[in-house]
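Fold and geometry: a report
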Amino acid sequence: MLIGLHLGNGYGSQPGAWRMPGVDPKSYTSFDARVKQAQAAERGKFQFIFLPDGPGAIMADIETESPTFNLDVMLALAAVARETEYIGLVATGSTTFNEPFNLARQFKALDVMSHGRSGWNAITSSGEDVAANYGRRIPSSEDRYGRAHEAIQLIQSLWGSWGKEAWVHDQESGHFAKEDQIVPINIQGKFVGSRGPLYIPPSEQGQPIIFHAGGSPNAHKLAGRFANAVIGAAFTIEDARAQRNAFREAAKRYGRDPDEIKYIPGLMTTIAKDRRTALDRRIQLTEHLFPQRVAYLQQMLGIPLDYARLNEPLSNEQLGAARPYPYDPRSSNALKIAKEGWSLKDILAHGVIDYHPVIVGPGIEAADHMQEWFEAGAADGFWISPDVNADGIDAFVDEVVPILQERGLFHQDYEGKTLRKHLGVPDQYGIDPRV
């Protein structure tokens, strides 16, 4: 299976991570911290790190919490590229508010700098908060995805505009490059255009790999045409398997081998020696949010909950009346945890309202979850969000990775040095002629 590491604001995936003992409170602005975290993942033989981006991030809780995202994903990955050797470097870049030539140049320069380890998570922006930062309104879904399809084709054309053998750099003859193999693109679509060429030669993997994140029919179409990996979100095996199959079928519709596209859902982890220790850690992290989370949990279960009884399990009457909210896929798991007899505080500490499945306990529980989903055809791998990066990455590497390796589910070492090799996707330079 494939494993990636989610790196957001530098602290971890849980609110309150910046205040935990042993955490440098200045990690938010520390590129050295990103390097150290990426090196920990590389020690664990992770195939990639993934940096999401949100240029419109609302800072509603800035008084008590840091923003969610990195200062700048490309600068962060550039710093990591210089201090790592193998791990893939994937970042989000929106096609809605970025010009294709800029995206093409940034990601291919990173690919050259990292010797073929760059990946672009190509997405559209959907929030008016993002649009406001660019002095605009969010375009319609049709226009956003229309622009995205054009932008990816244009960017891949730009990536291929400097021929594979164009760079000669022969000092003795004075021949620097083959001019006839460096050509303009001259593409103009409805939404984007560029003359080209891009003045960057190919990397060791040729060009960056396309990722996509999303689960809508529009996402299936975009990923089916262009992506080699999908950053997913699913709460059940059944949902994950359905999503994976949808992306594979979309790839087939565009004449591609479905094995060329990898579906990688998220997994959040709190790894500790036992369940009780892990729950106490998550309580320490998130207890300040319990008033809001109790209110949300009662909506998920359809029953009143008393915040004054945080240390008590739900009564038999409450459990008998509880019904999972049909429009929230997390609700069934929340009810399952409640029926195991945990206190209200512990139910919340299990992460029942987090935005990915959560493992709270020893490493074998994470390994079991990953094996079950992988062998059920629900995932080609996982992107991991530790609760606190300072020790949570090492905990996963030391406690989970060896179990997966012993079971023959995860590689013992890197088989190559490029992201394309790590993911097992075919070579490509320029636009895929099949699409």
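We now examine the overall build of the protein chain. Helices and strands together make up the secondary structure of the protein chain, namely 16 helices and 13 strands. Its C-alpha atoms give the protein chain a radius of gyration of 23 Å, near enough to 22 Å, the size a compact globule of 435 residues would have. Dimensions of the protein chain, computed from the C-alpha atoms along their principal axes, are close to 80 × 45 × 45 Å. Counting only contacts in the protein chain whose residues sit at least 6 apart along the sequence, the fraction spanning at least 24 positions is 77%. Of the accessible surface of the protein chain, which amounts to about 19,100 Å², a share of 50% is contributed by carbon and sulfur atoms.

This paragraph deals with helix H8 (residues 275-286). In this model, H8 (12 residues) spans 16 Å end to end at C-alpha, consistent with the 16 Å of a helix rising 1.5 Å per residue. Along its buried surface, H8 packs onto strand S11 (262-271), helix H9 (290-301), helix H12 (344-349), strand S12 (358-361) and helix H14 (389-399). Of the residues flanking the start of H8, the one acting as N-cap is Asp274, its side-chain oxygen 3.3 Å from the backbone nitrogen of Arg276.

This part takes up the side chain of Ser125. By the element assignment, Ser125 lies in the loop between strand S4 (118-123) and helix H4 (128-133). Judged by its relative accessible area of 7%, Ser125 falls in the buried class. Engagement of the side chain of Ser125 in a polar contact is seen with the side chain of Ser94, the distance being 2.7 Å. Setting aside residues up to four positions removed in sequence, Ser125 forms contacts with Ser94, Thr96, Phe97, Val130, Ile138 and Arg144.

Okay, the side chain of Ser161 next. As for its placement among the helices and strands, Ser161 is situated in the loop between helix H5 (141-159) and strand S5 (167-170). Here Ser161 falls in the buried class, since its relative accessible area comes to 1%. Among the polar contacts listed, one links the side chain of Ser161 to the backbone oxygen of Leu158, at a separation of 2.7 Å. Every residue in contact with Ser161, bar those within four places of it in the chain, is listed here: Gln181, Ile182, Val183, Ile185, Pro197 and Leu198.

Below, the discussion takes up the environment of Glu317. When you line up the elements, Glu317 lands in helix H10 (residues 316-321). The class for Glu317 is exposed, based on a relative accessible area of 61%. With 14 residues separating them in the primary sequence, Glu317 and Ile303 have C-alpha atoms 9.9 Å apart.

Between two aromatic rings, the relevant description is the distance of the centres plus the angle of the planes. By the definition in use, this model includes 11 aromatic pairs. Considering the side-chain rings of Phe50 and Trp383, the 5.3 Å spacing of their centres and the 90 degrees angle between planes classify their relative orientation as edge-to-face. Taken together, the positions of Phe50 in strand S2 (residues 48-51) and Trp383 in strand S13 (residues 381-386) put the pair 333 residues apart, joining distant regions of the chain. Trp383 carries the same exposure label as Phe50, and that label is buried. Between Phe247 and Tyr263, the ring centres sit 6.1 Å apart and the planes meet at 20 degrees, which makes this aromatic pair stacked. Highlighted residues: Phe247 in helix H7 (residues 237-253) and Tyr263 in strand S11, separated in sequence by 16 residues. With respect to burial, Phe247 and Tyr263 carry one shared label: buried. Cluster of aromatic residues (ring-pair linked, three or more members): Phe107, Trp120 and Trp159.

Running from N to C, helix H2 (residues 73-83) and helix H3 (residues 100-113) cross one another at 10 degrees; their axes reach a closest spacing of 10 Å. When the axes of H2 and H3 are compared, the pair comes out roughly parallel. Contact with H2, carried on its side by Met74, Leu77, Ala78, Ala81 and Arg82, involves Gln106, Phe107, Leu110 and Met113 of H3 and no other residues of that element. In terms of residue class, the contact of H2 with H3 is made up of 7 nonpolar, 1 polar and 1 charged.

Moving on: the packing of H9 against helix H11 (residues 331-339). Closest axis-to-axis distance for the H9/H11 pair is 9 Å, and the angle between their directions is 100 degrees. Considering the angle they form, H9 stands roughly perpendicular to H11. On the side of H9, the interface is formed by Leu297, Met300 and Leu301, while H11 contributes Ser331, Ala334 and Leu335. Taken together, the residues of the contact of H9 with H11 break down into 5 nonpolar, 1 polar and no charged.

Parameters at a glance
Residues numbered from 1 in each chain as written. Predicted model: local features only at pLDDT ≥ 70, side-chain atom pairs only at ≥ 80, totals over all residues. Heavy atoms only, no water. Helix = DSSP H or I, 4+ residues; strand = E, 2+ residues; numbered from the N terminus. Rg over C-alpha atoms; globule rule 2.2 N^0.38 Å. Contact = heavy atoms within 4.5 Å. Areas by Shrake-Rupley, 256 points an atom, 1.4 Å probe, with all protein chains shown as cover. Expected span 1.5 Å × (residues − 1). Polar contact = N/O pair within 3.5 Å; in protein donor to acceptor, adjacent residues only side chain to side chain. Buried < 20%, exposed > 50% of the residue type's maximum accessible area, 1.4 Å probe, protein only. Phe/Tyr/Trp six-rings, centres within 6.5 Å; stacked < 30°, edge-to-face > 60°. Axes fitted to C-alpha atoms, helices over the stretch in contact; angles between N-to-C directions. Parallel < 35°, antiparallel > 145°, perpendicular 65-115°, else oblique. Nonpolar A, V, L, I, M, F, W, Y, C, P; charged D, E, K, R; others polar.

So far we have only geometry, and geometry alone does not tell us how the molecule works.
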